[in-house]
Amino acid sequence: MNLPSRLFLVGPMGAGKTTVGRRLASLMGREFIDIDQEIERRAGADIPWIFDVEGESGFRDREQAVLADLAERSSVVLATGGGAVLREANRRVMAAAGAVVYLHATVREQVKRTRRDSRRPLLAGGNREQVLSDLMTIRDPLYREVADIVVDAGGNAPGQMAEQIYQRLLS
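Given the structure is predicted, the values throughout are model-derived calculations rather than measurements.

### Some remarks on the packing of helix H4 (residues 88-97) against helix H6 (residues 128-146)
Step number 1: Packing of H4 against H6 brings their axes to within 10 Å, and their N-to-C directions diverge by 25°. By the angle between their axes, H4 is roughly parallel relative to H6. The element H4 and its partner H6 pack so that their crossing is right-handed. Of the residues in H6, those touching H4 at Arg 91, Met 94 and Ala 95 are Leu 142, Glu 145 and Val 146.

Right, dumping it as structure tokens:
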């Protein structure tokens, strides 16, 4: 596969999409954009506030609009939010606009990596492991459906994962 003009990273929260994405963009000489951070920038509010005021549906509407807009850019690595794959329109945009890499992380890894994170609305107030397991049951098939490459996000350092993805993109 030749290096795509646009590369989308998908996967569950805690998989390392932002960290790996930054390193991968650097390797590729590309701009890096975290879609959740871009949503916050454009909204002038953080994601928990958007969820509180607009609900998950309002957030997903914003996410879909930002994803469609950013998919028009060239030479970019985009880290999506964990739920971006829930909407078929988002999966179509990503598949048509570039290559998609699924960073797969087990529920155990997700629990470990998100245990101190209080900014994730879907994890607020519930049994974190159960919530993550339920989300994975729904989302894993969607991540796999849209992915051109699947990478195990457990065990390797972010730099190693970025290098592994980069080499797979070149082959």
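### Observations regarding the packing of aromatic side chains
Step number 1: Applying the stated criterion across every chain, the model contains two aromatic pairs.
Step number 2: A ring pair is formed by Phe 51 and Phe 59, whose centres lie 5.1 Å apart and whose planes are at 35°; its orientation type is tilted. The pair formed by Phe 51 and Phe 59 is uniform in burial state, with each residue classed as buried.
Step number 3: Here Tyr 102 and Tyr 143 contribute two aromatic rings whose centre-to-centre distance is 4.8 Å and whose plane-to-plane angle is 35°, an arrangement assigned as tilted. With Tyr 102 in strand E4 (residues 99-104) and Tyr 143 in helix H6, the pair connects residues that are 41 residues apart, well separated along the chain.

### A few points about empty space enclosed by the protein
Step number 1: Within this structure, the stated rule accounts for one cavity of 30 Å³ or more.
Step number 2: Of the pockets and cavities examined, the largest cavity occupies roughly 40 Å³.
Step number 3: Around the largest cavity, the lining residues are Pro 12, Met 13, Gln 110, Leu 132, Leu 135, Met 136, Arg 139 and Tyr 143.
Step number 4: The greatest single-element share of the lining of the largest cavity, amounting to five residues, is contributed by H6.
Step number 5: Taken together, the residues of the lining of the largest cavity break down into six nonpolar, one polar and one charged.

### Observations regarding the pattern of salt bridges
Side-chain pairs of opposite charge can arise where the charged atoms are in close proximity.
Step number 1: Under the criterion given, the structure shown has eleven salt bridges.
Step number 2: As a salt-bridge pair, Arg 73 and Glu 31 come within 3.2 Å of each other at their nearest N and O atoms. Taken as a pair, Arg 73 in the loop between helix H3 (47-70) and strand E3 (76-79) and Glu 31 in strand E2 (residues 31-34) lie far apart in primary sequence, 42 residues in all.
Step number 3: Take Arg 73: its relative accessible area is 32%, and that puts it in the partly exposed class.
Step number 4: In this structure, Arg 42 and Glu 38 form a salt bridge, with 2.8 Å as the shortest nitrogen-oxygen distance. In this pair, Arg 42 and Glu 38 are both assigned in helix H2 (residues 35-43), four residues apart and thus about one turn of the helix distant.

### Let's talk about the pairing of E3
Step number 1: Burial of the side chains of E3 extends over both faces: Val 76 and Leu 78 are buried on one face and Val 77 and Ala 79 on the other.
Step number 2: Two elements, strand E1 (residues 6-10) and E3, share four bridges in a ladder whose sense is parallel. Its bridge partner lying in E3, Leu 7 is registered against Val 77.
Step number 3: Both E2 and E3 contribute to a ladder of four bridges, which runs parallel. Of the residues in E3, the one forming a bridge with Phe 32 is Val 77.

### Remarks on the environment of Gly 155
Step number 1: Residue placement: Gly 155 occurs in the loop between strand E5 (149-152) and helix H7 (158-170).
Step number 2: For the pair Gly 155 and Ala 105, spaced 50 residues apart in sequence, the C-alpha separation works out to 9.7 Å.

Cut-off values and rules
Along every chain, residues carry numbers that run from 1 in the direction the sequence is written. Local features in this predicted model are restricted to residues whose pLDDT is 70 or higher, and side-chain atom pairs enter the listing and the counts only when it is 80 or higher, whereas totals over whole chains, interfaces and linings include all residues. Hydrogens and waters are ignored; side-chain quantities use all the structure's heavy atoms. The convention used is that axes are lines fitted to C-alpha atoms, helices contributing only their stretch in contact, and that angles between N-to-C directions extend from 0 to 180 degrees. Each helix corresponds to a stretch of at least 4 residues labelled H or I by DSSP, and each strand to a stretch of at least 2 residues labelled E; elements are numbered beginning at the N terminus. Oblique is the label for any angle not under 35 degrees, not over 145, and not in the 65 to 115 range, which are roughly parallel, roughly antiparallel and roughly perpendicular in turn. Should the near helix be turned counterclockwise from the far one by less than a right angle, the crossing is left-handed, whereas a clockwise turn marks it as right-handed. Should any heavy atoms of two residues lie within 4.5 Å, those residues are considered in contact. Working definition: rings of Phe, Tyr and Trp (its six-membered ring) pair if their centres are within 6.5 Å, and the pair is stacked with planes under 30 degrees apart, edge-to-face with planes over 60 apart, and tilted otherwise. Buried means the residue's accessible area, taken with a 1.4 Å probe over protein chains only, is under 20% of the maximum for its type, while exposed means over 50%, and partly exposed covers the values in between. The pocket and cavity definitions rest on a 1 Å grid over protein atoms only: a 1.4 Å probe that fits but cannot leave marks a cavity, an open set with protein on both sides within 12 Å along at least five of seven lines marks a pocket, and residues lining either have an atom within 4 Å of a point. Grid points are joined across faces, edges and corners, and a volume is the space filled by probe spheres set on the points. In this classification, the charged set is Asp, Glu, Lys and Arg, the nonpolar set is Ala, Val, Leu, Ile, Met, Phe, Trp, Tyr, Cys and Pro, and all remaining amino acids, among them Gly, are polar. In what follows, salt bridge is the name for a side-chain nitrogen of Lys or Arg lying within 4 Å of a carboxyl oxygen of Asp or Glu. For two strands to be treated as a pair, DSSP must find at least two bridges joining them.

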